[in-house]
Amino acid sequence: MEPGSRGAAPGGVSVSAVLPAGGSGERLGGATPKQFCAVQGRPLVSYAVRAMERISWISDVIVVVSPENIETMKTIIEKYGHKKVTVVEGGITRHRSIFNGLKVLAENEFSSHLLQKPEVVIIHDAVRPFVEEDIVSKVVMAAKEHGAAGAIRPLVSTVIASAADGCLDHSLERARYRASEMPQAFLFDIIYEAYQQCTDCDLDYGTECLHLALKYCKTNAKLVEGTADLWKVTYKRDLYAAESIIKDNLSQQVCVIISVKETLAQVGFLLPESLKSQIKVEAISISLSKNDSHLQNIISGQCYNFVCVNDKGCAIQEIQELVDVLEKSNIPLLYPVVLILVHLDISENNSFSIGMEDLTTIKKFARETKKKNILVYGLLIQYK
């Protein structure tokens, strides 16, 4: 489903998201705040925005940034085609920034842009790029039922308290405690009321939204077990880990599109069969000029690798159809798409059926698609 479209939210409630992105990134080091650091050539905040934006039932995504980074964020939105995003000026602390985002939703309008006050609001850090719809849906459903909900993870290390002299005072029983993660979700009226009642001390030194709902609205949050990929990019080494995860995710699935004569279909299907032991493979036999619903579903599922097997001379027109579909899906805006053209040459003589003119056309086509973040490669197989 395209960004900006609307689907049915869990429990039938209206949902929006607030992403605080005003941190300075002191622990990361360097002059660039971590939310704007590039991972695979793309700012970290863009991944988090896209993760929320691609969930069809989230109506609006409010990104709260420091005043000096507003134009930077607007440039990112334009460059990467984000559709549901409103940029709001943040405060001097995380809680003040979140409060600013909630105010915009409560007022239903910002800079002449109409916003819908949601029944449930999601709060998610802009430096947590790996969040799936499943966990977001779970915390939204839990928030609808309990008023507030948040993702948690087991503690990795034991938490200890030190005495005034720097010696061990006591330690916590690790099995009883959990690490609070994001996303969190709230009935909008509850969390907005909690922020309205906050003291300056809460706003300036507090870090936990669930605690505010408990302290000021007597709302006990439901804790939802989260997945291992909800971690927060904090240190420089985390950027390298994020890049590694992205590369690994991109290599998990391939779609093999077979468009050959019936006599060669068996040969065409040898490729996906040989790949199945190494990677998830979706094999379809269609003409690329047709609007195939199976192909559309595969693209919507965020597949970034495509192998097109054909026995035609220079099938640029058909491949262009696929490139157009990929562009419309917006998936090349997030990660590079790899498109491998495999031509089965069934000519009976020793010469190839594709000539130099065809090769020049293919090279030119590849150069043009590279500008769209679609990387085209070719493989010519002579079959007798």
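Everything below is about the structure printed above this text.
Conventions we followed
- Residues numbered from 1 in each chain as written.
- Predicted model: local features only at pLDDT ≥ 70, side-chain atom pairs only at ≥ 80, totals over all residues.
- Heavy atoms only, no water.
- Core = buried A, V, L, I, M, F, W, Y, C linked by side-chain atoms within 4.5 Å.
- Buried < 20%, exposed > 50% of the residue type's maximum accessible area, 1.4 Å probe, protein only.
- Helix = DSSP H or I, 4+ residues; strand = E, 2+ residues; numbered from the N terminus.
- Contact = heavy atoms within 4.5 Å.
- Axes fitted to C-alpha atoms, helices over the stretch in contact; angles between N-to-C directions.
- Parallel < 35°, antiparallel > 145°, perpendicular 65-115°, else oblique.
- Left-handed = near helix turned anticlockwise from the far one by under 90°.
- Pairing = 2+ DSSP bridges.

So what's going on with the nonpolar core? Residues and values would help.
In this structure, M73 and I122 are the most contacted members of the largest nonpolar core, which totals 40 residues. Put simply, the parts of the chain that give this core at least two residues each are β1 (15-20), α1 (44-53), β4 (58-65), α2 (70-79), β5 (85-89), β8 (120-123), α4 (133-146) and β9 (148-154). By residue number, the principal contributor to this core is α4, which donates 6 residues. For M73, the residues in contact, after removing those within four places along its chain, are F36, V45, V49, V63, V65 and V87. Formed by 35 residues, the second largest nonpolar core is a distinct cluster that contains V233, L295, I316 and L326.

Pulling in residues and values, what's your account of the packing of helix α11 (residues 293-300) against helix α12 (residues 316-329)?
Viewed as axis vectors pointing N to C, α11 and α12 meet at an angle of 45°, and their least axial separation amounts to 10 Å. By the angle between their directions, the pair α11 and α12 is classed as oblique. Note that α11 runs across α12; the crossing there is right-handed. For the pair α11 and α12, the contacting residues are L295, Q296 and I299 in the first and L322, V325, L326 and S329 in the second.

Summarise the sheet that holds strand β16 (residues 305-310); cite the residues concerned and give the values.
Here we have 5 strands laid out as an open sheet, ordered β15-β14-β16-β17-β18, and parallel in their pairing. The open sheet has two edge strands with one neighbour each: β15 (280-285) and β18 (374-382). This sheet shows a mean twist of 15° between the axes of neighbouring strands, independent of strand direction. Of the strand pairs in this sheet, strand β17 (residues 337-345) and β18 are connected by 9 bridges, and their pairing is parallel. For L339, the partnering residue across the bridge sits in β18 and is V376.

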